[in-house]
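Below are the chains, spelled out letter by letter.
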Amino acid sequence: MKTILLRLEPIIWLLFGQGILIGTMLLTGWILVVGILIPMGMVDAEALSYARAHSLATASLFGFVPLGKLILAALLVLPLWKGAHHVRSLLIDFGGGERDGIVGTLLYLIAIVGSVMAIMAVVGL
Amino acid sequence: MAGPAHPHAMAPPTPGRTRAAPPQTPSTWWGSKRIMTYLLFDATGIVYFLVAFVAIRLIRDLGDGPLAWARAMESLQHPIYIAFHVLCLIAVIFVAVRFFRLFPKAQPPTIGPAKPPPAAVIHAMLYVIWIGITAVMTAILAGVIF
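Note that the coordinates shown come from a computational prediction; the quantities given were computed from them, not determined experimentally.

1. Section: the overall build of chain A
A tally of helices and strands in chain A yields four helices and zero strands. Listing each helix as α and each strand as β along chain A from the N terminus yields α-α-α-α. With the principal axes as the frame, chain A shows a C-alpha extent of 50 × 35 × 20 Å. Each of the 125 residues in chain A was classed as buried or not, and the buried ones make up 40%. When contacts within chain A are restricted to residue pairs at least 6 apart in sequence, those whose partners lie at least 24 apart make up 69%.

2. Quick notes on the overall build of chain B
A tally of helices and strands in chain B yields four helices and zero strands. For chain B, the N- to C-terminal ordering of α and β elements is α-α-α-α. For a compact globule of 146 residues, the expected C-alpha radius of gyration is about 15 Å, and chain B comes in at 26 Å, more than 25% above that figure. Along the first, second and third principal axes, the C-alpha atoms of chain B reach 95 × 40 × 35 Å. The 146 residues of chain B split such that 18% are buried. Restricting to contacts in chain B with at least 6 residues of sequence separation, those with at least 24 account for 35%.

3. Quick word on the confidence of the model for chain A
In regions of low pLDDT, the predicted coordinates are not meant to be interpreted in detail. Considering every residue of chain A, the mean pLDDT works out to 93; 100% of them sit at 70 or more. When pLDDT is averaged over each helix and strand of chain A, the minimum, 92, is found for helix α1 (residues 2-37) of chain A and the maximum, 95, for helix α2 (residues 50-57) of chain A.

4. Regarding the nonpolar core
The nonpolar side chains of a soluble globular protein tend to be buried, and buried together. With 54 residues, the main nonpolar core has W30(A), L76(A), A55(B) and I59(B) as its most contacted residues. It is α1(A) that contributes the most residues to this core, twelve residues altogether. When near neighbours in sequence (up to four residues on either side) are disregarded, I59(B) contacts L72(A), L76(A), A121(A) and V122(A).

5. Some remarks on the packing of α1(A) against helix α4 (residues 100-123) of chain A
All names here are of chain A. Between α1 and α4, whose axes approach to 10 Å, the crossing angle comes to 45°. Taken together, the axis directions place α1 and α4 in an arrangement best described as oblique. Crossing angle aside, the handedness with which α1 passes α4 is left-handed. Across from K2, L5 and I12 in α1, the residues of α4 making contact are D100, G101, G104, T105 and Y108.

6. Considering the environment of R34(B)
All names here are of chain B. Looking at the secondary structure, you find R34 in helix α1 (residues 33-64). Since 8 C-beta atoms lie within 10 Å of it, R34 is described here as exposed. As a C-alpha pair, R34 and G16 span 18 residues in sequence and 34 Å in three-dimensional space.

7. Re the packing of α1(A) against helix α4 (residues 119-141) of chain B
At a closest axis distance of 8 Å, the pairing of α1(A) and α4(B) adopts a crossing angle of 35°. Where α1(A) crosses over α4(B), the two elements pack in a sense that is right-handed. Residues M25(A), L26(A), T28(A), G29(A), W30(A), L32(A), V33(A) and V34(A) of α1(A) lie in contact with α4(B), whose contacting residues are I129(B), W130(B), I133(B), T134(B), M137(B), T138(B) and L141(B). Classifying every residue of the contact of α1(A) with α4(B) gives eleven nonpolar, four polar and no charged.

Criteria and cut-off values
- Residues numbered from 1 in each chain as written.
- Chains lettered and ligands numbered in written order.
- Predicted model: local features only at pLDDT ≥ 70, side-chain atom pairs only at ≥ 80, totals over all residues.
- Helix = DSSP H or I, 4+ residues; strand = E, 2+ residues; numbered from the N terminus.
- Buried ≥ 20, exposed ≤ 12 C-beta atoms within 10 Å, placed from the backbone.
- Contact = placed C-beta atoms within 7 Å.
- Rg over C-alpha atoms; globule rule 2.2 N^0.38 Å.
- pLDDT = per-residue confidence, 0-100.
- Core = buried A, V, L, I, M, F, W, Y, C linked by C-beta atoms within 7 Å.
- Axes fitted to C-alpha atoms, helices over the stretch in contact; angles between N-to-C directions.
- Parallel < 35°, antiparallel > 145°, perpendicular 65-115°, else oblique.
- Left-handed = near helix turned anticlockwise from the far one by under 90°.
- Nonpolar A, V, L, I, M, F, W, Y, C, P; charged D, E, K, R; others polar.

Set out below in structure tokens:
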């Protein structure tokens, strides 16, 4: 398993790096509004009424670039890979590297399952 | 006069295992600010994992129709969800500040024939892009624009 992880390292690092960079940039505004300001009543909930949320999520650029869905997909998928890689690193720090093959594989499998769920959710809008 | 020294004259006939100890977290990690910051940076991975799955659930509910969406948005008003999202915001800001500080140091000395801009410029660019994207997303999601 460790050999497979080493072979996939460039792909994993690409997704992990984009998870930190793009994931962080997109998550900040999302968490602020969706997770804090609207639930606390500081922003009118109508700002994300079903109709408006759906039209934002399915908005397109020039009529054919599905911009809303692309941004949502990045926002949902990339943080999973940042999470998986950093949790793996944390577990190596505390549990040593002996079980890294199985632990790393398990964490990346969760990220893969989450990514598929996210893409299906975005495509289904 | 003696001949030139052979660099491998004293080496054992077969290469042995390195005697270097495997890297491990020191038992005093909780007392070291540098190690704690490093571990906290890793631990934000747990928060990213959770917030991504919460967001996936929200988008699935959006796809399920107005009733599911209304229920999902209402559930976010629970104090535990709000506290979780405050923790997420702190984690995201911590990751951004730490990563943006590391990013210029990770640049290669040259990119093809060109040199990367000075570290201060890269640092400033990252902050401008991050604050800009956050401001635009906040304004869109809060209904200020569009």
